[in-house]
Amino acid sequence: MEQKGRLISASWPGSAGYSAPIKSLENSPNSPAYGIAPMPYPIFRRRSQLPYFLEVIASLVARTLYRVRSSGAENIPVSGGVLLIANHISYVDVIVLQMTCPRPIRFVGHQGLKRNPFFNWCFEISGSIPISSELPRSGLKAAVAALSAGEVVCVCPEGQISRTGQLMKIQRGFEVMARQANVSVVAAAIDGLWGSVFSFAGNKYLWKSPRLLPTPVFIAFGRATPPEDVSPSWARRELLDLGRIAFEERPVLKRHLGRECVRAITKHPWRVQVIDRTVGRRELTCAQLYAVVGALTGRIRATVPEHRVGVVLPPGAGAFIANLAVMAAGKIPVNLNFTTARVALEASLKLGGIVTVLSADAVRAKLPNFPWPERTLDLKAEIAACGGKRALLPWLLAAWVLPNQWCADLLRLPRRGDREEAGLLFTSGSSGEPKGVALTHRNILANCAQVSSLSILPETCSMLACLPVFHSFGFTATLWYPLLRGCQVVTVPSPLDTRKLIDAIAEEKATVLLGAPTFIRPVLKKALPAELRSLDLVVTGAEKLTDDLARGFMETFHIDIMQGYGLTETTPAANINQPHPPVVVATNEPQVGKRAGAVGRMMP
């Protein structure tokens, strides 16, 4: 905070005035050996400065809405002053932090909130320390005095609630508090609250549908660090590293990808999931997709003994059906790159142990040089062999009548996938020899959760899917993500057919276009502004986005292209730019979601 003889900024959590509720019981003796402490049923104790009856109410409400676990709470010294720094993503951060901290916490809050009578009352009753950017010295002195008196003081060094769902710029100031009070600093990363009612997910506070089940929340505490070793750069590294630990504990990452997709599509059986524009136009509802997958799954189980099954299909309804049916049958789909050299394909088939390939007769006719194995099956013929439309009726009825959990049980899908292989993709290295990248259920579920946390691809979007499924970008972003998230997909078989891409966007009112700059540049040259009027978002990856393409899209279509970065081994996305979050209340400060020439922040 001190620079050139004057205070230039201060750090505060924008919501710290809410309250400082009760801390839960210490770690149970039955807690896992690796230090993760589930929060037991509350036995109320004096853990904060709130009146006892408010502690009881706050704890009951918090435990009803959130299932909080933690690791590393033992790193907080049992006595003496401690400065706690944490990321700030919701209005209830202070509550979950107090639930997991073994000592009472005093929170530093934004002075401006005291203008509101409710927040002013919260400040007074909870003993929070107000601080402002106009007069930061008084707040700084109060925080240092509390630390010197042996208290735990919490500061959110981002200075405000993140409206992007990601860690924002770390402000200076917290290190001055620690050094003046000569106390150690402990970082804490909170994961799981983004998307809750009290976060800014969906570009709004509070006015969202509440989650019906308790939200899993995990807090990872770091080690106590001496004040002379802390800095904003240290804090950023520490919070990102701890955020990785907390993210890894999400229960959804242990689930089975196929089961989660089936549950998602059978939740809304009437919704149109895929609009296939391969030949003409064909709609596939969620119920129809489930019915075809259900019938085909049994046949694959009965006739394919191998663990991996090859898939050679362009983006379309067939690719969705084949991949989901193979996974539901307990097999691993291997989408093969039919554009590569024959020798590389032969090596891929051998490395993957692939004997059976699902394709289509039309595809085989167009790829005469592909090394088709002896057992190459036509997808349409395999579906017909299941019994035709009559065989689909029971599955259609199940999709409309049964709970989505039971629909997954009918397919005998396991509940846990976690680190087991879910898909195999081949990528060529510098030597030209194909490299097999085995992606697990956790890999794909995690990357979909990361993309979802950015709020750029909501379930209401209509996504143009033209990327090949044998590429990790298409495999995750335009195949599994829409199934999990519920986005409608408009498929075009080739990203090189620019006119078909433009027509699909214009006629189907697609709102999202994903692709490499090579595929998007011809769209800029051939499309009229009226034809892309429905587009809200364009995301590019796989190669650098050039300045002239980004500028041309903005000038012609008024669309700012979001550039991302990734690779097959990161399933694929590692970084993505996102639009700047809107300023919706007077206390909001502008926040940065994108930057020209950059690929975005690392995702959680």
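What counts as what
Residues numbered from 1 in each chain as written. Predicted model: local features only at pLDDT ≥ 70, side-chain atom pairs only at ≥ 80, totals over all residues. Heavy atoms only, no water. Helix = DSSP H or I, 4+ residues; strand = E, 2+ residues; numbered from the N terminus. Buried < 20%, exposed > 50% of the residue type's maximum accessible area, 1.4 Å probe, protein only. Contact = heavy atoms within 4.5 Å. Areas by Shrake-Rupley, 256 points an atom, 1.4 Å probe, with all protein chains shown as cover. Expected span 1.5 Å × (residues − 1). Salt bridge = Lys/Arg side-chain N within 4 Å of Asp/Glu carboxyl O. pLDDT = per-residue confidence, 0-100. Axes fitted to C-alpha atoms, helices over the stretch in contact; angles between N-to-C directions. Parallel < 35°, antiparallel > 145°, perpendicular 65-115°, else oblique. Left-handed = near helix turned anticlockwise from the far one by under 90°.

Broken down by element type, the protein chain carries 19 helices and 24 strands. Among the 604 residues that make up the protein chain, the fraction classed as buried is 57%. The long-range fraction of contacts in the protein chain, counting pairs at least 24 apart against all pairs at least 6 apart in sequence, stands at 73%. Surface accessibility of the protein chain: about 26,000 Å² in total, with carbon and sulfur atoms responsible for 56%.

So, on to helix α8 (residues 286-303). Given 3.6 residues per turn, any residue in an α-helix points the same way as the ones three and four places further on. The terminal C-alpha atoms of α8, which comprises 18 residues, lie 26 Å apart, in line with the 26 Å expected from a rise of 1.5 Å per residue. For α8, every residue scored as buried is listed here: C286, A287, L289, Y290, A291, V292, V293, G294, A295, L296, T297 and I300.

It is worth spelling out the pattern of salt bridges at this point. The final tally for this structure, using the stated rule, is 24 salt bridges. One salt bridge in this structure joins D276 and R282, with 3.7 Å as the shortest N-O distance. A residue is classified by how much of its surface remains accessible, and D276, at 7% relative accessible area, is buried. Between R277 and E507 there is a salt bridge; the shortest N-O distance is 2.8 Å. Highlighted residues: R277 in the loop between β11 (272-276) and β12 (282-285) and E507 in helix α17 (residues 498-508), separated in sequence by 230 residues. Relative accessible area serves as the criterion here: at 16%, R277 is assigned to the buried category. Judged by its relative accessible area of 52%, E507 is exposed.

Another aspect to go through is the confidence of the model for the protein chain. Mean pLDDT over the protein chain: 84, with 84% of residues reaching 70 or higher. Scored below 50 in pLDDT, residues 1-35 makes 118 contacts in the model with residues more than four places away or belonging to other chains. Contacts from residues 37-47, a stretch scored under 50 in pLDDT, to residues over four places away or in other chains number 42 contacts.

As a further point, take the packing of helix α7 (residues 257-267) against α8. Running from amino to carboxyl end, α7 crosses α8 at an angle of 140°, the nearest separation of the two axes being 8 Å. Comparing the axis directions of α7 and α8 gives the class oblique. In this structure, the crossing between α7 and α8 has a hand that is left-handed. Along its contact with α7, which presents V262, I265 and T266, the element α8 presents C286, L289 and Y290.

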